[in-house]
Amino acid sequence: IVCDGMMEEWLAQIKEMMISTFKETLSSSLARFASSNLPDWLITVPTHIAVMTLYISFTRDIEECFTNYESNARSFANYESQLIEKFKNLKQALANPNDSNELLKISNIAALINFQISQISQISEQYQNYSQRKNWNNHLRVSYDIKANQFRIHFADTVIESGYEYFGSCKQLIMTPSHEKAMLN
């Protein structure tokens, strides 16, 4: 992109290129995430893309757990075990980081996975006259529609396309229920 002429023109082109690059990088990350070792995959993607990939994967996998729950009452427990295994892999990767940036990235992703493990515990508990599906729908959820090439955010019955904001490199990611509630506001 040539930054020459009216700023309104080339700045719009930069924005479109940033969104296009984000979508391409996210799509590639999602494709590689499922078939790669977590620490190996993690070093190949920016932290922001890694976080978005994990959010999308978590949303997809929890939806799948709800779908399979009737035929497999252990669907949530099985998924929780998979996340615990990923957490253990990251713990091992923390022992041998290449540099301080990689150490920070691994610790941020480990914090996110730990938060997701705690979410599964809350979502999977069954109570009489209480719908965990409805509870899940009242959490922020993220999806990526490959066909429409859209990154979407869900809350309750509302679905919006993301504004493709870039959160930057976060110094330390801390995920708590209070943090999630603050994101809703």
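Going by the structure above, here's the rest.
Predicted, not measured: the structure shown is a model, and the values here were computed from it.

A. The arrangement of the packing of helix α3 (residues 47–68) against helix α5 (residues 100–124) in detail. As a packed pair, α3 and α5 sit with axes 11 Å apart at the nearest point and diverge in direction by 20°. Taken as axis vectors, α3 and α5 run roughly parallel relative to one another. In the packing of α3 onto α5, the handedness of the crossing is right-handed. Packed against α3, whose contacting residues are T47, A50, V51, L54, Y55, F58, I62 and F66, the element α5 presents K105, N108, I109, L112, I113, Q116, Q119, I120 and I123 at the interface. Taken together, the residues that form the contact of α3 with α5 break down as 12 nonpolar, 4 polar and 1 charged.

B. Layout of unusual backbone geometry. Although it is not a glycine, N149 adopts a positive phi angle of roughly 55°. Phi at A156 is positive, roughly 55°, even though this residue is not glycine. Its place among the elements puts A156 in the loop between β2 (150–155) and β3 (158–161).

C. Summary view of the packing of aromatic side chains. Throughout the structure, instances matching the rule amount to 6 aromatic pairs. Consider the rings of F33 and W41, whose centres lie 4.8 Å apart with planes at 70°: the pair is edge-to-face. Given a relative accessible area of 6%, F33 falls into the buried group. With relative accessibility at 2%, the residue W41 sits in the buried group. Here F66 and F76 contribute two aromatic rings whose centre-to-centre distance is 5.0 Å and whose plane-to-plane angle is 80°, an arrangement assigned as edge-to-face. Note that F66 is positioned in helix α3 and F76 in helix α4 (residues 75–94), a separation of 10 residues in sequence. Judged by relative accessible area, which is 14%, F66 ranks as buried.

D. Broad picture of the packing of α3 against α4. Remark: α3 packs on α4, axes separated minimally by 8 Å, with the N-to-C direction vectors making an angle of 155°. The orientation of α3 relative to α4 falls into the category roughly antiparallel. Across the interface between the two elements, S57, F58, D61, I62, C65, F66 and N68 of α3 pack against S75, F76, Y79 and L83 of α4.

E. Just the pattern of salt bridges, in detail. As enumerated under the stated definition, the model contains 4 salt bridges in all. A salt bridge links K23 to E161; its shortest N-O distance comes to 4.0 Å. Pair noted here: K23 is in helix α1 (residues 7–33) and E161 is in strand β3, with a separation of 138 residues, a long-range link. A relative accessible area of 15% places K23 in the buried class. Between R152 and D145 there is a salt bridge, with the nearest N and O atoms lying 3.2 Å from each other.

F. Expanded view of the environment of L83. Turning to its location among the elements, L83 is positioned in helix α4. Residue classification places L83 among the buried positions, given a relative accessible area of 3%. If we ignore the near neighbours within four places in the chain, the residues touching L83 are F58, I113, Q116, I117 and I120.

Scoring rules and cut-offs
- Residues numbered from 1 in each chain as written.
- Predicted model: local features only at pLDDT ≥ 70, side-chain atom pairs only at ≥ 80, totals over all residues.
- Heavy atoms only, no water.
- Axes fitted to C-alpha atoms, helices over the stretch in contact; angles between N-to-C directions.
- Helix = DSSP H or I, 4+ residues; strand = E, 2+ residues; numbered from the N terminus.
- Parallel < 35°, antiparallel > 145°, perpendicular 65-115°, else oblique.
- Left-handed = near helix turned anticlockwise from the far one by under 90°.
- Contact = heavy atoms within 4.5 Å.
- Nonpolar A, V, L, I, M, F, W, Y, C, P; charged D, E, K, R; others polar.
- Phe/Tyr/Trp six-rings, centres within 6.5 Å; stacked < 30°, edge-to-face > 60°.
- Buried < 20%, exposed > 50% of the residue type's maximum accessible area, 1.4 Å probe, protein only.
- Salt bridge = Lys/Arg side-chain N within 4 Å of Asp/Glu carboxyl O.

Coordinates in, geometry out; function isn't part of it.
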